Amino acid sequence: MTAAATPKGVRRRQALVEAAAELLVEGGFAALRHRAVAERAGLPLASTTYYFDSIDDLVTAALEHHGDLELARGKARLDELDPDDCDGETVTDLVLELLLGPPGGEQDAEAVVLRYERLIATGRRPYLRPLMHRQKSALHALILDIFARAGRRVGPERVEELIALVDGTVVNALIEVDPDPRGVARKMLSRALQPR
């Protein structure tokens, strides 16, 4: 058994993954440096290269951890959803939470900016494509489940359109330096979900 497979090794590796995920959320890919991750985890600098073959491996593990947490949070929210209380606002808010993360109070606009920076930056990292594709598929399935629970007939193509609408609205709001990109996206998504 290698040291990385011992209980202590598993805990240390997980601490590094969680620290890297936190830094990624707070500062994007530029924040992920060996020293910063080790310091955040409270571990020696050498631990990052001991438990991960490269910074790319650490980035992948951090993104996977963060994405899995968000999907689990979304599934938990879906499980709490009462089909009798699935009005348009509830569905809109839940879909937005999955796409933009949970509302962050005063720092929400900054959190949305960092989220989109991460998403865009993954396009320059081909090694992340399989992970992003897998997480995108899981996200789409979760959004389809939300609509099904709410008794709405929405297919995969419509989910793609709604995600594109939110993404485009948020990017335009960021270009306009709108202080509430989530609010702008909420209005657009709410309109798009109105019965026709």
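As a starting point, this report considers the structure included with it. (Residues numbered from 1 in each chain as written. Predicted model: local features only at pLDDT ≥ 70, side-chain atom pairs only at ≥ 80, totals over all residues. Heavy atoms only, no water.)

## Comments concerning the overall build of the protein
Which entries qualify depends on this criterion: Strands are runs of DSSP state E lasting at least two residues, helices are runs of H or I lasting at least four, and both sets are numbered from the N terminus onward. Classification of residues uses two cut-offs on accessible area relative to the type maximum, computed with a 1.4 Å probe and protein chains only: under 20% is buried, over 50% is exposed, and between them is partly exposed. Contact definition: two residues touch when any of their heavy atoms are within 4.5 Å. Every accessible area reported is derived by Shrake-Rupley at a probe size of 1.4 Å, with residue values counting cover from the shown protein chains alone. In this tally, Lys and Arg are treated as positive and Asp and Glu as negative; His is ignored, and so are the chain termini. In this description, the location of a charge corresponds to atom NZ of lysine, CZ of arginine, CG of aspartate or CD of glutamate.
Regarding its fold elements, the protein presents nine helices and zero strands. In sequence order, the protein lays out its α and β elements as α-α-α-α-α-α-α-α-α. Dimensions of the protein, computed from C-alpha atoms along their principal axes, come out at roughly 60 × 40 × 30 Å. Within the protein, the proportion of its 196 residues that are buried is 38%. Intrachain contacts of the protein at a sequence separation of at least 6 include 67% that bridge at least 24 residues. As presented, the protein carries roughly 11,000 Å² of accessible surface, and 53% of it is formed by carbon and sulfur atoms. Side chains of the protein give 26 positive and 31 negative charges; the mean places of these two sets differ by 5 Å.

## Some thoughts on helix α1 (residues 7-27)
In an α-helix there are 3.6 residues to a turn, and that puts residues three or four apart on one side. Convention followed: Here the expected span of a helix is defined as 1.5 Å times the quantity of residues minus one.
Spanning 21 residues, α1 covers 30 Å between terminal C-alpha atoms, matching the ideal 30 Å at 1.5 Å per step. Along α1, the residues classified as buried are Gly-9, Leu-16, Val-17, Ala-19, Ala-20, Ala-21, Leu-23 and Leu-24. Buried residues along α1 sit against α2 (34-41), α3 (46-51), α4 (55-80) and α6 (108-122). Just downstream of α1, Gly-28 is the residue with a positive phi angle, here 75°.

## A few points about the nonpolar core
Filter applied, for reference: Note on terminology: a nonpolar core comprises buried Ala, Val, Leu, Ile, Met, Phe, Trp, Tyr and Cys residues joined through side-chain atoms within 4.5 Å.
Among the nonpolar cores identified, the biggest contains 29 residues, and Val-91, Val-95, Leu-99, Leu-100, Ile-143, Phe-147 and Val-166 are the most heavily contacted of them. A total of seven residues in this core trace back to one element, the largest contributor, which is helix α5 (residues 88-100). If you look at the next biggest cluster of nonpolar residues, it comprises 21 residues, including Ala-21, Leu-32, Ala-61 and Ala-121.

## So, the packing of aromatic side chains
For clarity, the cut-off: Aromatic rings from Phe, Tyr and Trp, taking only the six-membered ring of Trp, are treated as a pair when their centres fall within 6.5 Å; an angle between ring planes under 30 degrees marks them as stacked, one over 60 as edge-to-face, and anything in between as tilted. We call a charge positioned above a ring when the Lys NZ or Arg CZ atom is no farther than 6 Å from the ring centre and deviates by at most 35 degrees from the ring normal.
The tally for this structure, following the rule as stated, stands at one aromatic pair. When the centroid spacing of 4.8 Å and the interplanar angle of 90° are considered together, the rings of Tyr-50 and Tyr-51 count as edge-to-face. Relative accessible area serves as the criterion here: at 49%, Tyr-50 is assigned to the partly exposed category. A relative accessible area of 12% places Tyr-51 in the buried class. One cation-aromatic arrangement involves Arg-125 over Phe-29; the distance from NZ or CZ to the ring centre is 3.9 Å.

## Concerning a negative patch on the surface
Using the following cut-off: For patches, a residue must show more than 30% relative accessible area and have no salt bridge; joins then use 9 Å for like charges and 5 Å for nonpolar side chains, namely Val, Leu, Ile, Met, Phe, Trp and Tyr. One speaks of a salt bridge when a side-chain nitrogen belonging to Lys or Arg is within 4 Å of a carboxyl oxygen belonging to Asp or Glu.
There is a patch of like negative charges on the surface, built from Asp-82, Asp-84, Asp-85 and Asp-87. With respect to the element layout, Asp-85 can be found in the loop between α4 and α5.

## Digging into the layout of surface pockets
Our working definition: Two kinds of site are reported from a 1 Å grid over the protein atoms alone, namely cavities, where a 1.4 Å probe fits but cannot get out, and pockets, open sets with protein on both sides within 12 Å along at least five of seven lines, and residues are called lining when an atom falls within 4 Å of a point. Grid points are joined across faces, edges and corners, and a volume is the space filled by probe spheres set on the points. In the scheme used here, Gly and all other residues not listed as nonpolar or charged are polar, with Ala, Val, Leu, Ile, Met, Phe, Trp, Tyr, Cys and Pro taken as nonpolar and Asp, Glu, Lys and Arg as charged.
By volume, the largest pocket is sized at about 640 Å³. Around the largest pocket sit 22 residues that line it, and Arg-115, Leu-119, Met-132, Lys-136 and Leu-139 are the ones nearest its centre. Residue assignment for the lining of the largest pocket shows that the elements contributing at least two residues are α4, α5, α6, α7 (129-149) and α8 (156-175). Looking at the lining of the largest pocket, its residues break down into 11 nonpolar, five polar and six charged.

Purely geometric numbers; function is a separate question.
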